[in-house]
Amino acid sequence: MKFKRFNLFFVLILILTLTLSACSSATKGNGDTGDKGKNNKEAVTLKLLSSHGQFNKGNYGYRQVQEFMKKHPNIKVEVTFAQGNNFNDTLLALASSNDLPDVFQPTTKFPLNTLVENDWVQPLDGLLPNDFKSRFPEGSFAEGINTSDSKIYSFPRIIGKKGQAFFYHTDLLKEAGLDPNQPPKTWAELLEKSKQIAKKIDGVYGLVIPLNDQAGSTALSLASSLQPTLDTTGFDYQKGQYDFNSPNVVKAIDYLLQLKKEGVIHPNSYTQSLTDSQGVWANKQAAFMINAHHFVRVSEFELGGVKDYDVTKVPVPEEGIQYSQLATSADFNAYISSTTKHKKEAALLIDWLSSPEYFEKQVTEDLLLSPIPNLKEIINNPALENLAEVYEETVIERPIPESDKAAFEVKKIESTLPAPQPDFNQIVQGALVGELKDWKGQLKELTDAYNARFEQAIEKAKSGGTDVSKDKFTFPDFDGTKDYIQK
């Protein structure tokens, strides 16, 4: 898998931090120098690299690591947090220098097939208690997602069936003369209510969109109600091919262009990252935002405790259309690296991070939905409760072609082939900024390039002796309106 050019300065700082923290631990007698910790046991240092804000210093995951160290005084855990592309670049740099952390929690840029193909991770089988798998509900483990060749490599961190939701400020609706209990349900309502908010409240816009890194996902989120078999990678499971230039995706982008033309999108959206846009929304400079499962937590703990907001379904093109989005119950969280010298201690940390007690506190203290369903009863935050309802009503279990060994081999090969450029996010961003006029032509070229790459991966797998065809990835009976039953 190819990645964008490193943010070298940030990556070097992170790597230096990781190195110095380990050196500091060693000089204090808590490193891998043979010093004795409490109970006269060998003291070791584990490095944990996380892409989740939960593990930023002072946050819930970070605090839980401190509790873990109290219970295991002979294990010191050095936690490093990096977000988004900074994490991607850092992990890739560490892997290139053969210096992977003992445990890491990657972004979606590192799917299991990539990690296995590069031999960066090792199975958890035999390292964890016998009850480990039974902690999670049926469907939490699937080939190609968190298991490979029937070996478990990771586990869900939060609810598996998750996706996008619509966050709105009830006080801004009221101030604009709108019913705060009636958020927009259709694209037309979103436009009209955004116009009224922008007109009635000085300096406030209808919508903020992090177009710098979320332009593509926003377009696909809007298109999913029209084409529910299309997932967030642009792959259509009913057609068995990539479909970036489908009429439904084009319609969603055209709608975003209409919002821009009407002046209801916050002007900073065109260059802002997700983090920046979340700040704009939290400061009530925009009434609406499409965001994901983490946003309730972020709003409470990282954005100053946002007040007077709620969560509902993403608006649909017109009344009578059901909003739906694809996901899987299976998901990934932390991995143990293949190069760790302390897999026993790393497994103890994994056991801690997957315990029922950890997940229960995650719901009540960190406002993240748990992969263990019966914990929904202890939700004590109205926005989080509504978010859980949105997911129950809109998220559909998608097919998992990667669960087939031959299909998994194709996905591994595909991940090693150069990704077509410009990518979908760049094309949508270019269209909205106004720099890309022939964006529809670019979408067709991108779709053709992705499908050619996909076919190339199939042919490479076949030439290597794998019996596979496009049929492994095509599910003609799946319409995206009800859960697919994995066979």
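My aim in this report is to walk through the structure given alongside it, one point at a time. Since we're looking at a predicted model, the values are computed, not measured. (Residues numbered from 1 in each chain as written. Predicted model: local features only at pLDDT ≥ 70, side-chain atom pairs only at ≥ 80, totals over all residues. Heavy atoms only, no water.)

Focus: the environment of Gly61
Stage number 1. Relative to the elements of secondary structure, Gly61 occurs in helix 2 (residues 60–71).
Stage number 2. A C-alpha to C-alpha distance of 29 Å links Gly61 and Arg398, two positions 337 residues apart in sequence.
Stage number 3. Ignoring any residue separated from it by four or fewer positions in sequence, one finds Gly61 in contact with Gln54, Phe55 and Tyr358. (Helix = DSSP H or I, 4+ residues; strand = E, 2+ residues; numbered from the N terminus. Contact = heavy atoms within 4.5 Å.)

Quick word on the side chain of Gln325
Stage number 1. Take Gln325: it is sitting in strand 13 (residues 325–327).
Stage number 2. Within the local environment of Gln325, its side chain forms a polar contact with the backbone nitrogen of Gln164, the two atoms lying 2.6 Å apart.
Stage number 3. The residues contacting Gln325, other than those within four sequence positions of it, are Gly163, Gln164, Tyr391, Thr394, Val395 and Ile396. (Polar contact = N/O pair within 3.5 Å; in protein donor to acceptor, adjacent residues only side chain to side chain.)

Some points on the pairing of strand 11 (residues 286–291)
Stage number 1. Most of strand 11 is tucked away: 6 of the 6 residues are buried.
Stage number 2. Alignment of strand 7 (residues 165–169) against strand 11, held across 4 bridges, turns out to be antiparallel. From the neighbouring strand, Phe166 faces strand 11, where its bridge partner is Ile290.
Stage number 3. As paired strands, strand 8 (residues 205–207) and strand 11 are joined by 2 bridges and run parallel to one another. Bridge pairing links Leu207 to Phe288 in strand 11. (Buried < 20%, exposed > 50% of the residue type's maximum accessible area, 1.4 Å probe, protein only. Pairing = 2+ DSSP bridges.)

Some words on the sheet that holds strand 2 (residues 75–81)
Stage number 1. The sheet built from 5 strands is open, its strands ordered 2-1-3-14-4 with mixed pairing. Each having just a single partner strand, strand 2 and strand 4 (121–122) make up the two edges of the open sheet.
Stage number 2. Where strand 4 and strand 14 (residues 335–337) come together, 2 bridges link them in antiparallel fashion. Within strand 14, the position partnered with Gln122 by the bridge is Ile336.
Stage number 3. Strand contacts of helix 3 (residues 84–96): strand 1 (44–50) and strand 3 (103–105), with the helix running at about 135° to strand 1, the strand carrying the most contacts. (Axes fitted to C-alpha atoms, helices over the stretch in contact; angles between N-to-C directions.)

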